[in-house]
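# Overview (structure and organization)
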Amino acid sequence: GQGGHSYLQEWLWWAGLLCMGVGEAANFAAYAFAPATLVTPLGALSVLVSAVLSSTFLNEQLNVHGKIGCILSILGSTVMVIHAPQEEEVSSLESMAEKLKDPGFIVFAVCVLVSSLLLIFVAGPRCGQSNVLVYVLVCSAIGSLSVSCVKGLGITLKELFSGKPVLKEPLGWVLLVCLVICISVQINYLNKALDIFNTSVVTPVYYVLFTTAVMMCSAILFKEWQHMVLDNIIGTISGFLTIVSGIFLLHAFRDMPFTSDLLPLFL
C-alpha cells in the first residue's frame, strides 16, 4: 500500500508476468493483422476467462451479477466483431512513418505525454493515494501509445520475414525502445494502483479507460472510422458499451452474496 516494489522478490509474480508475456505475444500478432479498435475490446474475454478460472480453482463465488456480466461480455464482443471497422492499409515502414508524421497524431501524442507527466508529478503526490483515476489514467494514456508501437513492430516483423532489410531502418528500433518504455511505465503504475485499491475497482476502470484511449489513438492514426457507415458505427459503440456493462457487473458486485435463490425474495 506504500507503493513499494517488494513484489519483485516473489517468484509467483514473475511466473504471472511470464504467463502474461505469452498472452501478450499472441495479442501482438493480432494487432499486426487486425484493427486495434477490434483487438483491444476483445481483451474483455480475458477478464471473463479469469472470472471462470477463479471460480473453478480459487473457490471464488461467481454470483448472478457475474454470470450476467460474462454473458454481456460475450454478446458485446460478438457485436464488435460483426461491425469491426476497416483501417487504412499500412503495409510498410515507410507508410507507417507517414502515419506517425500526421499532425493529428502528433498533437494527440503530445497531449498524452503532457497529461501523463502532470498526473505523475502533480496529481500523483496529492491524490494518488485516494483517487483510483490518477494512476489508472497514466496506464491508459501511455498504453494507447504502446499499441501504436506494437502495430508498427508487427509491420516490421512482416517485412523482416518477407526478406526486406528492415533491421537497417531506424524506425523499427525507435518503436521497440518506445514500446519497452511504455510497457515499463504501465506495469509500474498499474501495480501502484493495485497496491492501493481493490482489484475489483481497478480492473473495470482500467479496461474502460485503456480501451477508450486505444480506440481514440487508432481512429486518429489509422483513420479506422473514416469510411464506416452509420450502422457499423452504432454497432461498434453498442458492442463496446455492452462489454463495459458486463465488466462492471462482473467486478463491481463480485463480493455481494446474491444468488438465484434470492431472486424471488428481491422481486
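Residues numbered from 1 in each chain as written. Predicted model: local features only at pLDDT ≥ 70, side-chain atom pairs only at ≥ 80, totals over all residues. Heavy atoms only, no water.

Basically, it comes down to this: UniProt positions are given in the numbering used here, feature names are shortened, and annotations may be inferred rather than shown by experiment.
The name an unreviewed UniProt entry assigns to the chain is Magnesium transporter NIPA2, from the organism Pterocles gutturalis. Under the UniProt heading Subcellular location (unreviewed entry), the note attached to the chain is "Membrane". Database annotation for the chain, UniProt heading Sequence similarities (unreviewed entry): "Belongs to the NIPA family."

## Notes on helix α7 (residues 133-161)
Heads up, the rule is: In this text, helices come from DSSP runs of H or I with a minimum length of four residues, and strands from runs of E with a minimum of two, each type numbered from the N-terminal end. A helix's residues, less one, multiplied by 1.5 Å, set its expected span. For each residue, the accessible area found with a 1.4 Å probe, counting protein chains only, is set against the maximum for its type, and the residue is called buried under 20%, exposed over 50%, and partly exposed in between.
An ideal rise of 1.5 Å per residue puts 42 Å on 29 residues; α7 measures up with 41 Å between its terminal C-alpha atoms. For α7, the buried fraction is high: 23 of the 29 residues fall into the buried class. Trailing α7 by a residue or two, Gly163 shows a phi angle of about 100°, which is positive.

## Some points on the pattern of salt bridges
To be explicit about the condition: Salt bridges are counted wherever a side-chain nitrogen of Lys or Arg sits within 4 Å of a carboxyl oxygen of Asp or Glu.
For the structure on display, the rule yields one salt bridge. In this structure, Glu159 and Lys164 form a salt bridge, with 3.8 Å as the shortest nitrogen-oxygen distance.

## Description of the packing of α7 against helix α8 (residues 170-196)
Each pair of packed helices can be described by the angle between their axes along with the distance between the axes. This is how it is decided: To get an axis, a line is fitted to the C-alpha atoms, and for a helix only the part in contact is used. The angle between two axes follows their N-to-C directions and goes from 0 to 180 degrees. Working definition: roughly parallel below 35 degrees, roughly antiparallel above 145 degrees, roughly perpendicular at 65 to 115 degrees, and oblique for all remaining angles. Note on convention: the crossing is left-handed when the near helix lies turned anticlockwise from the far helix by less than a right angle, right-handed when the turn is clockwise. Side-chain classes follow a simple rule in which Ala, Val, Leu, Ile, Met, Phe, Trp, Tyr, Cys and Pro form the nonpolar group, Asp, Glu, Lys and Arg form the charged group, and the remainder, Gly included, forms the polar group.
The N-to-C vectors of α7 and α8 enclose an angle of 150°; their axes lie 8 Å apart at closest approach. For the element pair α7 / α8, the angle class is roughly antiparallel. Considering only the axes of α7 and α8, their crossing is left-handed. Looking at the contact of α7 with α8 residue by residue, the class counts come to 19 nonpolar, six polar and one charged.

## Re the packing of helix α5 (residues 93-100) against α7
The following threshold applies: Here a residue-residue contact requires only that any non-hydrogen atoms of the pair lie within 4.5 Å.
Interhelical geometry of α5 versus α7 gives an angle of 165° and a closest axis separation of 10 Å. Taken together, the axes of α5 and α7 are roughly antiparallel relative to one another. Read as a crossing pair, α5 and α7 show a hand that is left-handed. Together, Leu93, Glu94 and Met96 of α5 and Ser148, Gly152, Ile155, Thr156 and Glu159 of α7 make up the contact between the two elements. Among the residues forming the contact of α5 with α7, the class breakdown is three nonpolar, three polar and two charged.

## What about the UniProt feature "transmembrane region" (unreviewed entry) in the chain?
UniProt's entry tags residues 12-31, 38-58, 64-84, 105-126, 132-150, 171-189, 201-221 and 233-253 with the feature "transmembrane region" (unreviewed entry), counted in the numbering of this structure. The span residues 64-84 is 90% helical and 0% strand by assignment, and the distance between its end C-alpha atoms comes to 30 Å. Regarding residues 132-150, the helix share stands at 95% and the strand share at 0%, and the terminal C-alpha atoms are separated by 27 Å.

## A closer look at the packing of aromatic side chains
Heads up, the rule is: For Phe, Tyr and Trp, where Trp contributes only its six-membered ring, two rings pair if their centres lie within 6.5 Å, and the inter-plane angle classes them as stacked under 30 degrees, edge-to-face over 60, or tilted in between.
Per the stated rule, a full pass over the model turns up three aromatic pairs. Where Trp13 meets Trp14, the ring centres are 5.0 Å apart and the plane angle is 90°; that geometry is what we call edge-to-face. Under the relative-accessibility criterion, Trp14 is labelled partly exposed at 44%. A centroid spacing of 5.6 Å and a plane angle of 35° characterise the contact between Tyr135 and Tyr189, whose relative ring orientation is tilted. Here the residue Tyr135 occupies a position in helix α7, and Tyr189 occupies one in helix α8, the gap between them amounting to 54 residues. In this pair, the class of Tyr135 matches that of Tyr189, namely buried.

## Some thoughts on α5
To keep things clear, this is the line we draw: Working note: the arc is built from the helix axis to C-beta atom directions.
For α5, the complete set of buried residues consists of Leu93, Met96 and Lys99. Viewed along the axis of α5, the buried residues span an arc of 110°, placing them on a single side of the element.

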